[in-house]
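# Summary of structural features
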Amino acid sequence: MTNWGLNRRHLLQGFGAAAGLATTGTFFSIEPAKAADFKIKMQLGWLASNGILGEVMADKLGYFADEGLELEIIPGGPNIDGVASVASGANNFGSISSSPSLMLARSAGLPIKCVAAGYQQHPFTYFSMESNPVRKPEDLIGKKVATQGTARILLRALLAKNGIEEDQVEVSVMGGDMAPLKVGQVDVATGWQTNVGALSVLGDERVDMKLWDAGIQLYANPYYTTDDVLQEHSDKVIGAIRAISKGWGAVYENPTAGVDALVERYPNLDKDSEMKAVDLVLGFSFNDKTKAGGWGIMTTENWQEQIDTYNSLEQFTGGAPKVSDIMTLDILEATKDARPTFG
C-alpha cells in the first residue's frame, strides 16, 4: 500500500463537531465538466444515507479531485431504476443495494458488470424478539414472517438453502415499520441491520439472524458499469474506485469525522443515529477479506454461488449468466496499491 493514510490523517485534523440508511440503488454518470477532467454524477436510488459515507468523505478530502474527477450526488426515489439508467448509457457508473440485481439485469440482456463490492456481507437481517426468537433458519418453521415485497425472493432462497418448505412459513408484506414485530402481530420482520433508526423501537429484546449467516451470502452496495464504459473509459472507473476506496479508508480511521462530513452535507440526517450506525457500516465494509485483499474485494466463487442459488429458483429470464459476464477483477487489480487493507 502507499502512504496516503498519513496524509489523510493530517487532513482529518481539521474535522470536528462543526464539520459536517441502506440505499435501494445508486448510479453514477461520468461526463465532461469544466472544473475537472470528468464529472461523476452520483444518482442515488433513494435518499442519501450512511451507505455513501466513503464517497462523501472522499469528496471532502479531495480524493476525487486528485483523480481529475468532480463529484455530484443526486438523491433518488422509488421510481428510479438505476441499473437500467446505467445500462442505457444515460449514466455510466453505479452502485445498487444488492448483487442479485446485477445478475438479473445481465440475464435480461443489460450489458452491466460489477467492478467492486462495497459491503463484504449483506446487512439484510431477520429480526425477532427474545420472547419468540429466531436464531437459526429452522426456527422460522411455523412463524409469521413479514418482509418487503422485493425481499420475498431472499426468503425463498434462504428456505431452499436450508431444506425448509415454503408452506411451513406464513409470509406477509411489510414496509419499513418494525412496530408489528414489537407488538406481536408478526414473529419476524426484515430489514438492514444498519437502519438503526427503524430498529430502535425493538429495544434490547431484539434477536438478529443475518441472511449471510443463514447461508445466502450476497454482496451489498456493489459498484458496476457497462461493458462499453469499461472498454472506453476504464481509467475513469479506476479513478472513481480509487477515490471511493480511500474515502472509506478515511472513515474507518476516523468514524466521527466521516459522520461529521455526512451530516454536514445532509443536515436532515441525525448525527446521534449515524454515530450508532457507523461501526455497523464499517463492519460490513471491512473484514478479514479486505485485510488481505483491500476494500472492495470480491471473488468469482461467491458470484458463482449466487448465480447457482438464483438459477435453482428459476429467476433468470434469459438463462443463468456467466461469472465473466457479471463481474471483473481488473479494476480491483489496477487499484490494489491504493485500496486500504483494514479489517
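The following paragraphs examine the structure supplied in this document. (Residues numbered from 1 in each chain as written. Predicted model: local features only at pLDDT ≥ 70, side-chain atom pairs only at ≥ 80, totals over all residues. Heavy atoms only, no water.)

In this section: the packing of helix α5 (residues 100-107) against helix α14 (residues 300-312). Contact geometry for α5 and α14: axes closest at 11 Å, N-to-C directions at 65 degrees. In terms of axis orientation, α5 runs roughly perpendicular to α14. In the packing of α5 onto α14, the handedness of the crossing is right-handed. Facing Pro100, Leu102, Met103 and Leu104 of α5, the residues of α14 in contact are Trp303, Gln306, Ile307 and Tyr310. Within the contact of α5 with α14, the residues separate by chemical class into seven nonpolar, one polar and no charged. (Axes fitted to C-alpha atoms, helices over the stretch in contact; angles between N-to-C directions. Helix = DSSP H or I, 4+ residues; strand = E, 2+ residues; numbered from the N terminus. Parallel < 35°, antiparallel > 145°, perpendicular 65-115°, else oblique. Left-handed = near helix turned anticlockwise from the far one by under 90°. Contact = heavy atoms within 4.5 Å. Nonpolar A, V, L, I, M, F, W, Y, C, P; charged D, E, K, R; others polar.)

By the definition in use, this model includes nine aromatic pairs. On the basis of an interplanar angle of 85 degrees and a centroid distance of 5.6 Å, the ring pair of Phe124 and Tyr126 is categorised as edge-to-face. By relative accessible area, Tyr126 is classed as buried at 0%. On the numbers, 4.5 Å between centres and 5 degrees between planes, the contact of Tyr252 with Phe342 is stacked. One end of the pair, Tyr252, is in helix α10 (residues 234-253); the other, Phe342, is in the segment after α16 (330-334), with 90 residues separating them in the sequence. Three or more aromatic residues link up through ring pairs in this structure, and these residues are Phe93, Tyr223 and Trp295. Directly above the aromatic system of Tyr63 lies the positively charged group of Lys246, at a separation of 4.9 Å from the ring centroid. (Phe/Tyr/Trp six-rings, centres within 6.5 Å; stacked < 30°, edge-to-face > 60°. Buried < 20%, exposed > 50% of the residue type's maximum accessible area, 1.4 Å probe, protein only. Lys NZ or Arg CZ within 6 Å of the ring centre and 35° of its normal.)

Here α10 is 20 residues long and its end C-alpha atoms lie 29 Å apart, about the 28 Å a rise of 1.5 Å per residue gives. α10 sits mainly inside the fold: 15 of its 20 residues count as buried. (Expected span 1.5 Å × (residues − 1).)

Right, let's talk about the pairing of strand β11 (residues 220-226) for a bit. Within β11, seven of the seven residues are buried, leaving the element largely enclosed by the surrounding structure. Bridge analysis of strand β5 (residues 112-119) against β11 gives six bridges, and the strand direction is antiparallel. Note on β11: the bridge partner recorded for Lys113 is Thr225. (Pairing = 2+ DSSP bridges.)

Bringing helix α6 (residues 152-161) into the picture now. Each full turn of the α-helix corresponds to 3.6 residues, which orients residues three or four apart in the same direction. Within α6 the residues assigned to the buried category are Ile153, Leu154, Leu155, Ala157, Leu158 and Leu159. Residues of α6 that are buried sit in contact with β6 (124-129), β7 (144-147), β8 (170-173), β10 (206-210) and α14. Among the residues trailing α6, Gly163 stands out with phi positive, at a value near 70 degrees.

So, about the sheet that holds β10. Strands sit in the order β8-β7-β9-β6-β10 across an open sheet of five strands; the sheet is mixed. Two strands close off the open sheet at either side, each with one partner strand: β8 and β10. Between one strand axis and the next, the sheet turns by 30 degrees as a mean value, whatever way the strands run.

The next thing to look at is the pattern of salt bridges. Under the defined criterion, the tally for this structure stands at 12 salt bridges. A salt bridge links Arg135 to Glu130; the shortest N-O distance between them is 2.8 Å. On the basis of relative accessibility, which here comes to 37%, the residue Glu130 falls in the partly exposed class. A salt bridge links Lys336 to Glu333; its shortest N-O distance comes to 2.9 Å. You can call Glu333 partly exposed: its relative accessible area is 47%. (Salt bridge = Lys/Arg side-chain N within 4 Å of Asp/Glu carboxyl O.)

All right, on to the environment of Leu282 then. Structurally, the position occupied by Leu282 is in helix α12 (residues 271-285). The exposure class of Leu282 is buried, given its relative accessible area of 6%. Distance in space between the C-alpha atoms of Leu282 and Leu53 is 9.6 Å, their sequence separation being 229 residues. The residues touching Leu282, leaving out its near neighbours within four places in the chain, are Trp248, Val251, Tyr252 and Pro255.

On to the nonpolar core, then. Counting 92 residues, the largest nonpolar core has Tyr126, Leu140, Trp248 and Trp303 as its most contacted members. Looking at this core, the element that brings in the most residues is α10, giving nine residues. A domain split of this core shows at least three residues from each of domain 1 (38-120 + 218-334) and domain 2 (124-214). Residues contacting Leu140, with those up to four places away along its chain left out, are Val134, Val145, Leu155, Leu158, Leu159, Gln168, Val169, Val188 and Met209. Counting 10 residues, the second largest nonpolar core, distinct from the first, contains Met129, Val186, Leu199 and Leu202. (Core = buried A, V, L, I, M, F, W, Y, C linked by side-chain atoms within 4.5 Å. Domains from an automatic or database assignment.)

Next up on the list: the environment of Asp325. Its location among the elements puts Asp325 in helix α15 (residues 323-326). We classify Asp325 as partly exposed; its relative accessible area is 28%. C-alpha of Asp325 to C-alpha of Arg106: the two residues are 219 residues apart in sequence and 7.4 Å apart in space. Excluding residues that lie within four positions of it along the chain, Asp325 makes contacts with Arg106, Ile112 and Lys113.

Let us look at unusual backbone geometry. Its identity is not glycine, yet Asn221 carries a phi of approximately 50 degrees, on the positive side. Structurally, Asn221 can be placed in strand β11. Overall, Asn221 belongs to the buried group, its relative accessible area being 4%. Look at Glu314: it is not a glycine, yet its phi comes out positive at around 55 degrees. As for its placement among the helices and strands, Glu314 is situated in the loop between α14 and α15.

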